[in-house]
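Coordinate inspection notes
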Amino acid sequence: MKKISCLLISLIVLGISSSCLKNEICSPYAIELNAVIYTLIENENDGLFDTIPYAINIDSIYAPYIDSVNLLGNEVDIASLNFPLDNANNESSFVLSIDGVKDTVTFSYEKHILFNSVKCGITNTYTITSFHYSTHSLKALVLINPEIDVISKENIQFIF
């Protein structure tokens, strides 16, 4: 009986000590909606339109839920954008100002908790459920991949 108790205590101590990762490095995850910018050109052969990668000049981009902070300001030749989503809500809005013309884009999403570790805690991943936008300089938005996580490359296309 004494041998079994010592063995059991040894296993418990070994299990507890191996579950603690003292040297674990917590890297912050940048889980943001990724938008790639395109423009439309007419195909000479059939008159249909094709999307091609495009770069724009941006006066500013800001989110009303982030108090008076521009996400971008006076940037030239921007070909893609990353939008941080609001963890406190299931919707985030952004105002894009391009050549003095403003468009508002609103994304609705579901949040999914991703457990990193005991030391590093949790983070959210997202699934875009819907979006709406104004069309002053923006022509269209096309949802490519609704899942937003650490490996997302392109979630949405902004067409100007």
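Structure report, in brief. Please read these numbers as outputs of a predicted model, since none were measured by experiment.

Rules used throughout
Residues numbered from 1 in each chain as written. Predicted model: local features only at pLDDT ≥ 70, side-chain atom pairs only at ≥ 80, totals over all residues. Heavy atoms only, no water. Helix = DSSP H or I, 4+ residues; strand = E, 2+ residues; numbered from the N terminus. Buried < 20%, exposed > 50% of the residue type's maximum accessible area, 1.4 Å probe, protein only. Polar contact = N/O pair within 3.5 Å; in protein donor to acceptor, adjacent residues only side chain to side chain. Pairing = 2+ DSSP bridges. Phe/Tyr/Trp six-rings, centres within 6.5 Å; stacked < 30°, edge-to-face > 60°.

**Observations concerning unusual backbone geometry**
A positive phi is found at asparagine 74, a non-glycine position, where the angle reads about 50 degrees. Tracing the sequence through the fold places asparagine 74 in strand 4 (residues 70-78). Assessed through its relative accessible area of 66%, asparagine 74 is described here as exposed.

**So, the side chain of asparagine 155**
Along the chain, asparagine 155 turns up in the loop between strand 10 (147-148) and strand 11 (156-159). For asparagine 155, the side chain forms a polar contact with the main-chain oxygen of glutamate 147, separated by 3.0 Å.

**Quick notes on the sheet that holds strand 8 (residues 121-133)**
Pairing in this open sheet of six strands is antiparallel, and the strands run 4-3-6-7-8-10 from one edge to the other. Of all strands in the sheet, those with a lone pairing partner are strand 4 and strand 10, marking the two edges. Relative to strand 10, strand 8 runs antiparallel, the two being bridged by two bridges. Among the inter-strand pairings, threonine 127 is bridged to a residue of strand 10, identified as glutamate 147.

**Quick word on the packing of aromatic side chains**
Per the stated rule, a full pass over the model turns up seven aromatic pairs. Centre to centre, the rings of phenylalanine 94 and phenylalanine 107 are 6.3 Å apart; their planes meet at 55 degrees, and the pair counts as tilted. You can see phenylalanine 94 sitting in strand 6 (residues 91-98) and its partner phenylalanine 107 sitting in strand 7 (residues 101-117), a full 13 residues away along the chain. The class for phenylalanine 107 is buried, based on a relative accessible area of 0%. Plain terms: the ring middles of phenylalanine 158 and phenylalanine 160 are 6.4 Å apart, the flat faces sit at 35 degrees to each other, and that makes the pair tilted. Among the residues examined, phenylalanine 158 registers a relative accessible area of 0% and is labelled buried. Exposure remark for phenylalanine 160: the relative accessible area of 9% places this residue in the buried category.

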